[in-house]
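Here is what each chain is made of, one letter per residue.
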Amino acid sequence: MNSLTTRILAGLLLGLALGGALGAAHPAFQAQLVGYASALGGVWLDALRMTIIPLVFSLLVVGVAQAAGTVQTGGLAARALVTFAIVLLTATTLTAFVAPALLNLWPAPSQAAEGLRRAAQGAAAGIPPVPPLADWLKSFVPANPIKAAADGAIASICVFALTFGLAASRISEPRRAHLFALFDAVQATMMVIVDWVLFAAPVGVFFLALVVGAQTGFGAVGVLGHYVVIVSLMCLMAGAFGLVMAVIGGRVPFGRLISALIPVEAMAISTQSSLACLPVMLEATEQIGVTQRVRGVVMPMAVAVFRLTSPPGNLAVAIYVAHIYGIHLDPGRLAIGVVVACLVSLATVGVASSVTFFTTLVPISMAMGLPMDLLPLLLAVETLPDFSRTVGNVTAHVGVTAWANRWGKGGVADTEPA
């Protein structure tokens, strides 16, 4: 468990404990302290929000343009990118059906959920209205991108960034290089600001947890545990696609696959970083007979852009937030959640999800019209479902590389000895 996660978790537990103890305090003192804590926690949360629009836009422009350039070159790399996109959309769409159904069968503890909602919403907050279908469809294309950014219309911004990035891939190489350098510098600067804000995360989470503890007592622990189980299950379900790709697509014997995956999964659990698992994943694909040419191209690409559990896991978090607030997610909201979750997965790297939690979850929440007050508390326990995220990702990386070994061959050919 990394140092940041440890400090954030400590802030959460201390805030919940102190907030729960305030129940015996004088009501006036409790209300005053909770008011100050809510304001200070809100300032920290707003500091995180201010980086999201420029960060997501710059990352999507560069990521989409580079992906478009790879597709234009054709060959194995282009087919891998198309496969990544299809599998990501499939796994995330499945989550959009399964997660709400699972929460209907096994809802969060009602009393604790009510307390979390009351503490996070505050007196003036409410459940956002569902826009009419015509307005929802029209909102995808921003007539004024600057105004859309100012209004936090993240779905419109994603569409504009997608279009901008595709157009940038068609301009001359010198101009494209200058443009990409600009947006690369913007995203790097935003990440520096995010690092600064996350340095204060234990304090921000402490204040927000104090408010929740004062409102719910120690019942919040139960609902956070419920959240961890739900999100972990969705991540493992997505990761199972990796086994399917290897066994059915790559025709790798199941026993041989599991044997090769054991050191990969052990590394994933210990590091919570798919990037750190790259050497052992390359060794595992060699053991199951993937050629040097295929694993040398597909595996690095998979680690760079194919984080299979990221969109399903992040969408599951958003669905859970909606569940806590009692927000009905119609097909339209779920559809835009699927699309935005897949797009912003381009903005993540193969490190612990606690590092990229806000940069991926805030855009999805904004696009789906969900409150974001619970996100800091969920970040505090993110290290637990992150084990499932990483295990699922590395399984998918090995699986898709095994599948790619068969493309155009009609069988397992050119295999190398283990």
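Residues numbered from 1 in each chain as written. Predicted model: local features only at pLDDT ≥ 70, side-chain atom pairs only at ≥ 80, totals over all residues. Heavy atoms only, no water.

1. Comments concerning the packing of aromatic side chains
Logical step 1: Under the criterion given, the structure shown has nine aromatic pairs.
Logical step 2: One aromatic cluster is present, formed by Phe-57, Phe-160, Phe-164 and Phe-183 through successive ring pairs. (Phe/Tyr/Trp six-rings, centres within 6.5 Å; stacked < 30°, edge-to-face > 60°.)

2. Some details on the nonpolar core
The nonpolar side chains of a soluble globular protein tend to be buried, and buried together.
Logical step 1: Core analysis: the biggest nonpolar cluster contains 84 residues, and Leu-12, Tyr-227, Ile-324, Phe-357, Phe-358, Met-368 and Leu-375 have the highest contact counts within it.
Logical step 2: If near-sequence neighbours (up to four positions away) are discounted, Leu-375 is found in contact with Val-317, Val-321, Phe-357, Phe-358, Leu-361, Val-362 and Ser-365.
Logical step 3: Core analysis: the second largest hydrophobic core is formed by 40 residues, Ala-80, Ala-246, Val-303 and Cys-342 among them. (Core = buried A, V, L, I, M, F, W, Y, C linked by side-chain atoms within 4.5 Å. Buried < 20%, exposed > 50% of the residue type's maximum accessible area, 1.4 Å probe, protein only. Contact = heavy atoms within 4.5 Å.)

3. A short note on the pattern of salt bridges
Logical step 1: Counted by the stated rule, this structure contains three salt bridges.
Logical step 2: As a salt-bridge pair, Arg-295 and Glu-286 come within 4.0 Å of each other at their nearest N and O atoms.
Logical step 3: Residue Arg-389 pairs with Glu-382 through a salt bridge whose shortest N-O separation is 2.8 Å. Residue Arg-389 shares its accessibility class with Glu-382, and that shared class is buried. (Salt bridge = Lys/Arg side-chain N within 4 Å of Asp/Glu carboxyl O.)

4. So, unusual backbone geometry
Logical step 1: For Arg-251, which is not a glycine, the phi torsion comes out positive at approximately 55°.
Logical step 2: Locating Arg-251 in the fold gives a position in the loop between helix H11 (219–249) and helix H12 (254–271). (Helix = DSSP H or I, 4+ residues; strand = E, 2+ residues; numbered from the N terminus.)

5. Details of the environment of Gly-250
Logical step 1: Checked against the element boundaries, Gly-250 lands in the loop between H11 and H12.
Logical step 2: Sequence-wise, Gly-250 and Ile-288 are 38 residues apart; in three dimensions their C-alpha atoms are separated by 9.7 Å.

6. Some details on helix H16 (residues 331–344)
Logical step 1: Between its first and last C-alpha, H16 extends 20 Å over 14 residues, near the 20 Å set by a 1.5 Å rise per residue.
Logical step 2: Of the positions making up H16, those classed as buried are Gly-332, Arg-333, Leu-334, Ile-336, Gly-337, Val-338, Val-340, Ala-341, Cys-342, Leu-343 and Val-344.
Logical step 3: Measuring from the backbone nitrogen of Gly-332 back to the side-chain oxygen at the start of H16 gives 2.9 Å, which picks out Asp-330 as the cap. (Expected span 1.5 Å × (residues − 1). Polar contact = N/O pair within 3.5 Å; in protein donor to acceptor, adjacent residues only side chain to side chain.)

7. Observations regarding the confidence of the model for the protein
Logical step 1: On average, residues of the protein carry a pLDDT of 80, and 82% of them reach 70 or more.
Logical step 2: Below a pLDDT of 50 lies the segment residues 122–128, which in the model reaches nine contacts outside its immediate sequence neighbourhood of four places, other chains included.
Logical step 3: Residue range residues 410–418 is modelled with pLDDT below 50. Its contacts to residues more than four positions away, or to other chains, number 19 contacts. (pLDDT = per-residue confidence, 0-100.)

8. As for helix H13 (residues 278–287)
Logical step 1: Here H13 has its buried residues at Val-280, Met-281, Ala-284 and Thr-285. Considered in projection along H13, the buried side chains sweep an arc of 140° and stay on one side of the axis.
Logical step 2: Once H13 ends, the next one or two residues include Gly-289, with phi positive near 95°. (Arc of directions from axis to C-beta.)

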